[in-house]
Amino acid sequence: MPGPHQQPRVSEREARQVAEAAREQEWHKPSFAKELFLGRFRLDLIHPHPLPSPEDAQRGEEFLAKLRDFCETEIDGALIEREARIPDAVVDGLKELGALGMKIDTRYGGLGLTQVYYNKALALVGSVSPAVGALLSAHQSIGVPQPLKIFGTQEQKDTFLPRCARTDISAFLLTEPDVGSDPARLATTAVPDGDDYVIDGVKLWTTNGVVADLLVVMARVPASEGHKGGITAFVVEAASEGVTVEHRNSFMGLRGLENGVTRFHRVRVPAANRIGPEGAGLKIALTTLNTGRLSLPAMCAGAGKWCLKIAREWSAVREQWGRPVARHEAVGSKIAFIAATTFALEAVLDLSSQMADEDRNDIRIEAALAKLYGSEMAWLMADELVQIRGGRGYETAESLAARGERPVPVEQLLRDLRINRIFEGSTEIMHLLIAREAVDAHLSVAGDLVDPDKPLADKARAGAQATAFYARWLPKLVAGRGQVPGAYAEFHPKGHPDLSAHLRYVERTSRRLARSTFYAMSRWQGRMETKQGFLGRIVDIGAELFAMSAACVRAELLRSRGDHGRAAYELADAFCRQSRIRVEELFGRLWANTDDLDRKVVKGVLADRYTWLEEGVLDPSGEGPWIADATPGPSTRPNLHRPIR
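I will try to describe carefully the structure that is included in this document. All values reported here derive from a predicted model rather than from experimental measurement.

With respect to the overall build of the chain
The helix and strand inventory of the chain stands at 23 helices and ten strands. In terms of overall dimensions, the chain is globule-like: its C-alpha atoms have a radius of gyration of 25 Å, near the 26 Å expected for 645 residues. Principal-axis analysis of the C-alpha atoms gives the chain an extent of 75 × 70 × 65 Å. The buried share of the chain, taken over its 645 residues, is 54%. Nonlocal contacts in the chain, meaning residues at least 24 apart in sequence, comprise 78% of its contacts between residues at least 6 apart. In the structure as shown, the chain presents an accessible area of about 29,400 Å², 54% of it carried by carbon and sulfur atoms. Across the chain, the mean location of the 82 positive side-chain charges is 5 Å away from that of the 85 negative side-chain charges.

Here's the deal with the layout of surface pockets
As a volume, the second largest pocket reaches approximately 930 Å³. What lines the second largest pocket is a set of 37 residues, among which Gln146, Lys149, Thr291, Ala356 and Asp359 lie closest to the centre. Among the residues forming the lining of the second largest pocket, the class breakdown is twelve nonpolar, twelve polar and 13 charged.

A word on the pattern of salt bridges
Tallied over the entire structure, the rule returns 45 salt bridges. Notably, a salt bridge pairs Arg107 with Asp105, separated by 3.4 Å at the nearest N-O pair. The exposure class assigned to Arg107 is exposed, which follows from its relative accessible area of 63%. Where Asp178 meets Arg185, a salt bridge forms, and the shortest distance between an N and an O atom there is 2.3 Å. Judged by relative accessible area, which is 29%, Asp178 ranks as partly exposed. Overall, Arg185 belongs to the partly exposed group, its relative accessible area being 24%. Here the salt bridges share partners, and the residues they tie into one network are Arg85, Asp88, Arg248, Glu258 and Arg642.

Let's talk about unusual backbone geometry
Here the amide bond leading from His47 into Pro48 is cis, since omega sits at 0°, within 30 degrees of zero. Relative to the elements of secondary structure, Pro48 occurs in the loop between helix H2 (32–37) and helix H3 (54–74). Although it is not a glycine, Glu424 sits at a positive phi angle of roughly 50°. Positionally, Glu424 belongs in the loop between helix H16 (410–418) and helix H17 (427–438). On the basis of relative accessible area, Glu424 is assigned to the buried category, the value being 16%.

Remarks on the packing of aromatic side chains
Enumeration over the complete set of coordinates arrives at nine aromatic pairs. The structure contains a cluster of three or more aromatic residues connected by ring pairs, namely Phe32, Phe41, Tyr488 and Phe546. Seen from the ring of Trp314, Arg389 lies directly overhead, with NZ or CZ sitting 4.6 Å from the centre. Its end group placed over the ring of Phe587, Arg512 keeps NZ or CZ at 3.8 Å from the ring centre.

Points about the nonpolar core
Membership of the largest hydrophobic core comes to 131 residues, with the highest contact counts inside it found for Met102, Leu136, Leu369, Phe491 and Phe575. Looking at this core, the element that brings in the most residues is helix H21 (residues 532–560), giving 16 residues. Beyond its immediate stretch of four places on either side in the chain, Met102 contacts Phe63, Leu111, Gly112, Leu113, Tyr118, Ala121, Leu122, Leu136 and Gln140. Membership of the second largest hydrophobic core comes to 24 residues, among which are Ile104, Val144, Met218 and Val235.

So, the packing of helix H13 (residues 364–389) against H21
Here H13 crosses H21 at 100°, and the two axes come no closer than 10 Å. The angle between H13 and H21 places the two elements in the roughly perpendicular class. Contact residues: Glu366, Leu369, Leu372 and Tyr373 in H13; Val539, Asp540, Ala543, Glu544, Phe546 and Ala547 in H21. Across the contact of H13 with H21, the residue classes tally to seven nonpolar, no polar and three charged.

Digging into the environment of Ser250
Mapped onto the fold, Ser250 is located in the loop between strand S6 (243–248) and strand S7 (259–270). For Ser250, a relative accessible area of 67% translates into the label exposed. Considered as a pair, Ser250 and Trp205 are 45 residues apart in the sequence and their alpha carbons are 10.0 Å apart.

Overview of the environment of Gly194
Relative to the helices and strands, Gly194 is located in the loop between strand S2 (189–193) and strand S3 (196–207). Residue Gly194 is classed as exposed on the basis of its relative accessible area, which comes to 73%. Sequence separation of Gly194 and Pro270 is 76 residues, and the distance between their C-alpha atoms is 9.2 Å.

A few points about the side chain of Thr232
By the element assignment, Thr232 lies in strand S5 (residues 230–237). Side-chain polar atoms of Thr232 contact the backbone nitrogen of Gly279, separated by 3.0 Å. Thr232 has contacts with Val217, Met218, Ala219, Val221, Arg274, Pro277, Glu278, Gly279 and Gly281, leaving out every residue within four places of it along the chain.

Concerning the packing of helix H20 (residues 500–524) against H21
One way to put it is that H20 packs onto H21 with a least axis distance of 10 Å and a crossing angle of 165°. With respect to H21, the element H20 is oriented roughly antiparallel. Judged by the sense of rotation from one axis to the other, the crossing of H20 with H21 is left-handed. Residues His502, Leu503, Tyr505, Val506, Thr509, Ser510, Leu513, Ser516, Thr517, Ala520 and Trp524 of H20 pack against Phe534, Ile538, Ile541, Gly542, Leu545, Met548, Ser549 and Cys552 of H21. The residue inventory of the contact of H20 with H21, partitioned by class, reads twelve nonpolar, seven polar and no charged.

Describing H3
Its 21 residues place the ends of H3 30 Å apart at the C-alpha level, agreeing with the 30 Å of an ideal helix rising 1.5 Å per residue. Here H3 has its buried residues at Ala57, Gly60, Phe63, Leu64, Leu67, Phe70 and Cys71. The arc enclosing the buried residues of H3, seen along the axis, measures out at 150°, which places them on a common side. In H3, those exposed residues whose orientation departs by more than 90 degrees from the buried face are Pro54, Glu55, Gln58, Lys66, Glu72 and Thr73. Buried residues in H3 make contact with helix H5 (88–97) and helix H6 (115–128).

The rules behind these values
- Residues numbered from 1 in each chain as written.
- Predicted model: local features only at pLDDT ≥ 70, side-chain atom pairs only at ≥ 80, totals over all residues.
- Heavy atoms only, no water.
- Helix = DSSP H or I, 4+ residues; strand = E, 2+ residues; numbered from the N terminus.
- Rg over C-alpha atoms; globule rule 2.2 N^0.38 Å.
- Buried < 20%, exposed > 50% of the residue type's maximum accessible area, 1.4 Å probe, protein only.
- Contact = heavy atoms within 4.5 Å.
- Areas by Shrake-Rupley, 256 points an atom, 1.4 Å probe, with all protein chains shown as cover.
- Lys, Arg positive; Asp, Glu negative; His and termini not counted.
- Charge placed at Lys NZ, Arg CZ, Asp CG, Glu CD.
- 1 Å grid on protein atoms, 1.4 Å probe; cavity = no way out; pocket = protein on both sides within 12 Å on 5 of 7 lines; lining within 4 Å.
- Points joined across faces, edges and corners; volume = space filled by probe spheres on them.
- Nonpolar A, V, L, I, M, F, W, Y, C, P; charged D, E, K, R; others polar.
- Salt bridge = Lys/Arg side-chain N within 4 Å of Asp/Glu carboxyl O.
- Phe/Tyr/Trp six-rings, centres within 6.5 Å; stacked < 30°, edge-to-face > 60°.
- Lys NZ or Arg CZ within 6 Å of the ring centre and 35° of its normal.
- Core = buried A, V, L, I, M, F, W, Y, C linked by side-chain atoms within 4.5 Å.
- Axes fitted to C-alpha atoms, helices over the stretch in contact; angles between N-to-C directions.
- Parallel < 35°, antiparallel > 145°, perpendicular 65-115°, else oblique.
- Polar contact = N/O pair within 3.5 Å; in protein donor to acceptor, adjacent residues only side chain to side chain.
- Left-handed = near helix turned anticlockwise from the far one by under 90°.
- Expected span 1.5 Å × (residues − 1).
- Arc of directions from axis to C-beta.

Written out as structure tokens, the structure is:
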């Protein structure tokens, strides 16, 4: 076993075991998305569209009105971008407004907003300044309030939640210089010492860490007598002796983000500040992210709305060859994509959020799909908006204003949105996470069969179980309501586009997706988890089917309420038609792709076979290690911690 301050050396198998142990193993509630991947289109789980209670809606709308006024009068997004800092007065104003406690229960001084209205608030704030949106999101979605809400003791809630609701900013510290998505390598330690733990280590990319008052810190407790050990979560006072913010990071976008490098040197933390038991840290982190991830698609949906506004206004006044550019098909198709996709993103977000509020369904896959799909599609929409704006899309808002034109920060939007494909689980990691949950039913019945370390007797039992499971399951994938003309007829009201055809397509395609997954399991068995290209496409198909379902259900909700129903049906129809083209392309690439060839090329790159291709350029990079030294010890740098009081 490594010493308390050595970087853990783990094999690929050990790393997987750590990640697998942190998963929620059981499914106690139904999941629309999980059923979708299994070929079962459970429309009843999302239709009729769930709605917030009148009381929740009233409380949420009242706060949104106050927040809108604050954003319009107190937040200067251009100033934050220019100075790369959120003014303290803005943070103080948000505290006074109660925005730090949007998701915290009223009994602790919070506003007690639902997930739906919390997300609407983030979309609103993020449209003015994504950096302010990120500050509020990191504080409440993954910072101290959320893990304490789920796993904290009553004493911890009474102690910390009132502070988080009104005065104290929190941050979540998991990542380390040499630890990204592989938590088995976590090097920060928390060594038991009497009634305390002593924490040593370095944390990287600590969003809010520069200004935070309270930290959630993930550290490895060494196993010892009376201590189970393992990765464990702690609430740490940021002002504790031995906590040093050594560096404030700056990025491509989100220029006002208070993100840093935090060093812990012999930091004493009371055992009472441990969240949950020892070894439960990763499970706490993943469970926190189940709903915490919904904050990113909230801001992505808000970005889509702004993209649509600018595309509409600009394309109507900008003329080329005798007519507005919107009337040219090459530009019009981009506008149609932005409009339809924005409608779908909001549909996915609101549906997932309302299901999270009701707690009737298990939404771990839905939230992950919302994050994955929202971050990818928002980036595409922003890229298309840059293209629609042309040179003005590439020019900064400050430069546009200096020469007398409207300062539209399109290039800033592109830079700010780019991190969402990496934040809180990169697209690649989200593909693997969702794929693991999507094939969970297969692995649970065939787990021993594909485990190379299991004896033959276990494999034989697993084989019998798998045979029985597939004998029941496979026949159900042959036929369904998607093949029945007129099915889902309530989605084809008179005078509206026919959305019932799209839902029949989703039902048929869900079964096709499940059959494809089964074929792959049969073909690759234990090697399935290495086929990341295949799994990524499976997940992307599922994401499109989920988005189509959400768009149709939202359109019918709006129609039933007399709220832009005809227009909503038009947007849902356009989105589904666009989505179906993407789905068919993804199915084609399941089996006809360059995955094997790509692996050979990668081997060649790593073996330096193609270095001749790099000749003729100079590398402008400076000198230095690829990964900074994170050896525990006292800090040699000034403390940049800047609490806002």
